[in-house]
Amino acid sequence: MKRDNFDDENARRVAAIEALVSKFADETVPAMRVKEVLEILERDTEKRVVFLDCRDAEERAVSVIPGAVSEYDDGKETIVICYCTIGYRSQKKVQELKKRNPDVKAYNLSGSIVAWTHDPRAPALVDPKTG
């Protein structure tokens, strides 16, 4: 497949993901797109970003965003990026974290792992058993 065709197809997929996400997105829940998260990671020399995987154990056993955790204890200086498959469960997790601690810096990853896999700049998913 030619690179231009690949880029066009990928852009079409990203647009479809965003359209799907917009159907259930709660505008009151803080969210970030993959691009924004990657920009933060580039600047985060102290490794204060935590990826919180909100999927069930069977889903996590297949692949995760590198360094992701499945449990989180409030950290004052940490930015928590919650994700699931498409973003609905992680949005609910952000709401739960904010209810428990309104000052927590928690964000829903818009489009979640599906959006992550469609951004060519994002690190590849990893097998949680082998890293």
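An account of the accompanying structure is given in this report. What you see is a predicted model, and the numbers here were worked out from it, not measured in a lab.

Observations regarding the overall build of the chain
The helix and strand inventory of the chain stands at five helices and four strands. Helices (α) and strands (β) of the chain occur, in sequence order from the N terminus, as α-β-α-β-α-β-α-β-α. Compactness check: the chain gives a C-alpha radius of gyration of 15 Å against a globular reference of 14 Å for 131 residues, within 12% of the reference. In the chain, buried positions account for 35% of the 131 residues. Looking at the chain alone, contacts between residues at least 24 apart form 72% of all its contacts between residues at least 6 apart. In the form shown here, the chain has an accessible surface area of approximately 8,200 Å², with 51% of it arising from carbon and sulfur atoms. Taking the average place of the 22 positive charges on the side chains of the chain and the average place of its 24 negative ones, the gap between the two points comes to 1 Å.

What about the sheet that holds strand β2 (residues 49-53)?
With parallel pairing, the four strands of this open sheet are ordered in space as β1-β4-β3-β2. Either end of the sheet is taken by a strand with one partner, and the two such strands are β1 (31-32) and β2. As paired elements, strand β3 (residues 79-83) and strand β4 (residues 105-109) share four bridges and run parallel to each other. In the strand pairing of β4, C82 is matched with N108. Contacts from helix α4 (residues 88-100) reach β2, β3 and β4 within the one sheet, and its direction differs from that of β4 by about 170°.

A short note on the nonpolar core
If you look at the biggest cluster of nonpolar residues, it comprises 19 residues, and the most contacted ones within it are V34, V37, F51, I81, Y83, L109 and W116. Sorting the residues of this core by element identifies α2 (34-43), β2, β3 and α5 (112-117) as the ones contributing at least two each. With four residues, α2 is the largest single contributor of residues to this core. Residues C54, Y72, V104 and A106 belong to the second largest nonpolar core, which totals 11 residues.

Points about the pairing of β4
Across two bridges, β1 lies against β4 in parallel orientation. In the sheet register, M32 faces β4, and the bridge partner there is L109. For the crossover from β3 across α4 to β4, the handedness is right-handed.

Concerning unusual backbone geometry
For S112, which is not glycine, the phi dihedral falls at a positive 45°. Relative to the helices and strands, S112 is located in helix α5.

Re the side chain of H118
You can see H118 is positioned in the segment after α5. Among the polar contacts listed, one links the side chain of H118 to the side chain of T117, at a separation of 3.4 Å. Setting aside its immediate chain neighbours within four residues, H118 contacts N10, R13, V14 and I17.

As for the packing of aromatic side chains
The full count for this structure, using the stated rule, is one aromatic pair. Between the aromatic rings of F51 and W116, the centroid separation amounts to 5.4 Å while the plane-to-plane angle is 75°, which identifies the pairing as edge-to-face. Taken as a pair, F51 in strand β2 and W116 in helix α5 lie far apart in primary sequence, 65 residues in all. Like F51, the residue W116 is buried in the burial classification.

Criteria and thresholds
Residues numbered from 1 in each chain as written. Predicted model: local features only at pLDDT ≥ 70, side-chain atom pairs only at ≥ 80, totals over all residues. Heavy atoms only, no water. Helix = DSSP H or I, 4+ residues; strand = E, 2+ residues; numbered from the N terminus. Rg over C-alpha atoms; globule rule 2.2 N^0.38 Å. Buried < 20%, exposed > 50% of the residue type's maximum accessible area, 1.4 Å probe, protein only. Contact = heavy atoms within 4.5 Å. Areas by Shrake-Rupley, 256 points an atom, 1.4 Å probe, with all protein chains shown as cover. Lys, Arg positive; Asp, Glu negative; His and termini not counted. Charge placed at Lys NZ, Arg CZ, Asp CG, Glu CD. Pairing = 2+ DSSP bridges. Axes fitted to C-alpha atoms, helices over the stretch in contact; angles between N-to-C directions. Core = buried A, V, L, I, M, F, W, Y, C linked by side-chain atoms within 4.5 Å. Right-handed = clockwise from strand over helix to strand, strands pointing away. Polar contact = N/O pair within 3.5 Å; in protein donor to acceptor, adjacent residues only side chain to side chain. Phe/Tyr/Trp six-rings, centres within 6.5 Å; stacked < 30°, edge-to-face > 60°.

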